[in-house]
Amino acid sequence: MKFSNLDPPVRKRWELIPRAENSVGELAAIPLGKSPFEVGRTGPRDLLIQCQHVSRKHAEFLVYGRDLYLEDNGSTNGTFINGIRIHGRRQLHADDIVQFGSYEWRVAQHVDASPLETMNLPGNSLFASAIEFKQLMVDRAITPNYQPIVNVSSGTTIGYEVLVRSARDGFRSANELFGAATRAGMECGLSELSRSEGMRHGQFLPNNAVRFLNAHPSEIVSPNLIRTLEQLREENTQVPIVLEIHESSICNPAVIKDFARQLRQLDIGLAYDDFGQGPSKILELIDAPSDFLKFDIEVIRGIDQAPRARQQMLRSLVQMARDIGIMTIAEGVETRDERDACQEIGFDLVQGYFFGKPQPIELIVANLAELNSSSRRESHWRRPFSRFS
C-alpha cells in the first residue's frame, strides 16, 4: 500500500509503563518527553527511584530522531534490558523491559498512523507471540534442564540447579521465555511453573541431591511465593531444596530476614544469586545471611589469570561468608585452571560448563547410571541445613 506525500507523517511517542509490582509512584505511563531523561536515586532526576541499589545518577534515556536509547552511567548495580546487564549505550525497542535496581518498566511506543498502516505494525507479531506463550503456559510445555553443582575438593555432585527451557520455537531459551512472560505480565506464573515442573521431572534424581530452584525478583514481595513453596514441600518431603533469589532483591534486609525465617520453617535453604555485582551487598549479607552465596560468572571468569589483588579480594569475601556460616558457590567455571583457582581461593562448591552443561533429566539420569558404577556419592548438602535441625 502506497501513500501520497500529503499523508501525515508517522509520529512515535515513547513512554515507560511501570510494572504492577513496583512500589514507586503511581501506575501511570511516564512520557519520555525530553532528552536526556535522567534516572537516579537523588538530585533533580526525571525519574527518581529511592532505592539504595539505584545509583545517584544511574542512567539516562536519549532520543535521536525516532530512535530511543538507554545509557548506563557507570552505576554500581547495573542497568538491565530484558534481564541482561548493559554497558554504555543500547538501543531500545517497544516492549523491552528496563530494570534499575529491583524496579522494572516496559518501554511503550505509541504510533499515530492510519488504520491501513497499523495493520503492518510489529505489534501484531507480538500479539501472536503472546497468544502462543499463553498456550505454552496452559500446556505446561517447558523442559527443565539440570546443571550440576560440585564439591570443589572431592569432585562430588551435591545438587543441581533447575533451569527453564522449552522445545517450542521462539521460546527455547530462558531469555526468550522470560521475555515473553514479561510482555504478558506472567513472570511469576512462569517462575512458579518452572519450579513445579523442575521438581516433578527431578524426581528421578538421587534423593540426597539438592534441588536449587529459582524465584523471579517480583515474587519476593508476593505472599503467593511461600504458598507455592509450601505445596512443593508437601509433595517432596524428603528432598533438600534451596531457593535462589537475585541479589538485587535484597532491597530491604528486614523483609529478606523474615522471608528466610519462613523458608527455614519449610526446611528450605536460601541462596543469593549473582553476588559480586555491587559492593553495597556486603553489609546486607551480614544483616540477612543466606545458606549459600553464588558468585557471579563475571567475577569468576578468568580468575586464574586475574591480578593477585583481585584474587585476594575474592578470597577475603569467601572467607567473610564462611565466617558467618555461608557456603560459597563459584558460577561459570569453564576450565580446569579456573576450577583450581577457585579451590585455592577457598570456594566450597563450583558450577559451570567444566562440570556439565544444563541438560534434560533423561541425559542426567543416563550419566548418573554410568557414574554410579564407579563413583561414590556424599551428603555434603546437609552442612548448610544444620541450623534447621
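The following refers to the structure shown.

Rules behind the numbers
- Residues numbered from 1 in each chain as written.
- Predicted model: local features only at pLDDT ≥ 70, side-chain atom pairs only at ≥ 80, totals over all residues.
- Heavy atoms only, no water.
- Phe/Tyr/Trp six-rings, centres within 6.5 Å; stacked < 30°, edge-to-face > 60°.
- Buried < 20%, exposed > 50% of the residue type's maximum accessible area, 1.4 Å probe, protein only.
- Pairing = 2+ DSSP bridges.
- Helix = DSSP H or I, 4+ residues; strand = E, 2+ residues; numbered from the N terminus.
- Polar contact = N/O pair within 3.5 Å; in protein donor to acceptor, adjacent residues only side chain to side chain.
- Expected span 1.5 Å × (residues − 1).
- Arc of directions from axis to C-beta.
- Salt bridge = Lys/Arg side-chain N within 4 Å of Asp/Glu carboxyl O.
- Core = buried A, V, L, I, M, F, W, Y, C linked by side-chain atoms within 4.5 Å.
- Contact = heavy atoms within 4.5 Å.

## Here we look at the packing of aromatic side chains
Then step 1. Taken as a whole and judged by the stated rule, the model has 9 aromatic pairs.
Then step 2. Measuring from centroid to centroid gives 5.7 Å for Tyr64 and Tyr69, while their planes differ by 75°, and the two rings are edge-to-face.
Then step 3. For Tyr64, a relative accessible area of 44% gives the class partly exposed.
Then step 4. Classification of Tyr69 as partly exposed rests on a relative accessible area of 22%.
Then step 5. Summarising the aromatic geometry, the rings of Phe100 and Trp105 are spaced 6.2 Å apart at their centres and angled 50° between planes, so their arrangement reads as tilted. Taken as a pair, Phe100 and Trp105 share a single burial class, namely buried.
Then step 6. Joined through ring pairs, the aromatic side chains of Phe37, Phe61, Phe100 and Trp105 make up one cluster.

## Brief notes about the sheet that holds strand S3 (residues 37-40)
Then step 1. On the basis of which strands lie adjacent, the open sheet formed by 5 strands has the order S4-S3-S5-S6-S9 and mixed pairing. Of all the strands in the sheet, just strand S4 (47-48) and strand S9 (89-92) have a single pairing partner and so form its edges.
Then step 2. Pairing of S3 with strand S5 (residues 59-64) involves 3 bridges; the strand directions are antiparallel. Considered in S5, the bridge of Glu38 is made with Glu60.

## Some points on the side chain of Ser218
Then step 1. Relative to the helices and strands, Ser218 resides in the loop between strand S14 (210-214) and helix H5 (223-235).
Then step 2. Using a relative accessible area of 11% as the deciding quantity, one classes Ser218 as buried.
Then step 3. In this structure the side chain of Ser218 is engaged in a polar contact, spanning 2.8 Å, whose partner is the side chain of His216.

## Structural notes on helix H9 (residues 308-323)
Then step 1. Helix length check: H9 (16 residues) gives 22 Å between terminal C-alpha atoms against 22 Å at 1.5 Å per residue, within 8%.
Then step 2. Where H9 is concerned, the buried positions are Gln311, Leu314, Leu317, Val318 and Ala321. Considered in projection along H9, the buried side chains sweep an arc of 120° and stay on one side of the axis. Opposite the buried face of H9, at more than 90 degrees from it, the exposed residues are Arg308, Ala309, Met313 and Asp323.

## A few points about the pattern of salt bridges
Opposite charge on two side chains makes pairing possible when the charged atoms of those side chains draw close.
Then step 1. Enumeration according to the criterion identifies 18 salt bridges in this entry.
Then step 2. For Glu38, the salt bridge goes to Lys57, with nearest N and O atoms at 3.8 Å. Taken as a pair, Glu38 in strand S3 and Lys57 in the loop between S4 and S5 lie far apart in primary sequence, 19 residues in all.
Then step 3. When its relative accessible area of 16% is taken as the criterion, Glu38 is described as buried.
Then step 4. Residue Lys57 is classed as partly exposed on the basis of its relative accessible area of 39%.

## Quick word on the nonpolar core
Then step 1. The biggest cluster of nonpolar side chains holds 51 residues, and the ones touching the most others in it are Leu229, Leu243, Ile245, Phe295, Ile300 and Phe347.
Then step 2. Beyond its immediate stretch of four places on either side in the chain, Leu229 contacts Arg195, Leu243, Leu263, Leu266 and Ile268.
Then step 3. Ranked by size, the runner-up nonpolar core spans 22 residues in total, among them Leu16, Cys51, Ile81 and Phe100.

## Re the environment of Gly332
Then step 1. Along the chain, Gly332 falls in the loop between strand S18 (327-330) and helix H10 (336-345).
Then step 2. What makes Gly332 buried here is its relative accessible area of 13%.
Then step 3. The spacing of Gly332 and Glu298 is 34 residues in sequence and 8.0 Å in space, taken between C-alpha atoms.
Then step 4. Residue contacts for Gly332: discarding those within four places in its chain leaves Ile297, Glu338, Gln351 and Gly352.

## Some thoughts on the environment of Cys51
Then step 1. As for its placement among the helices and strands, Cys51 is situated in the loop between S4 and S5.
Then step 2. Residues Cys51 and Gly101, 50 residues apart in the sequence, show an inter-C-alpha distance of 7.3 Å.

## A few points about helix H6 (residues 253-265)
Then step 1. Taking 1.5 Å as the rise per residue, H6 with 13 residues should run 18 Å; its terminal C-alpha atoms sit 19 Å apart, in good agreement.
Then step 2. Inspection of H6 places Pro253, Ile256, Phe259, Ala260 and Leu263 among the buried residues, and these make up the whole buried set. The buried residues of H6 occupy one face: seen down the axis, they fall within an arc of 115°. Those residues of H6 that are exposed and aimed more than 90 degrees away from the buried face are Ala254, Lys257 and Gln265.
Then step 3. Count one or two residues on from H6 and you reach Asp267, which has phi positive near 55°.

These figures capture arrangement, not role.
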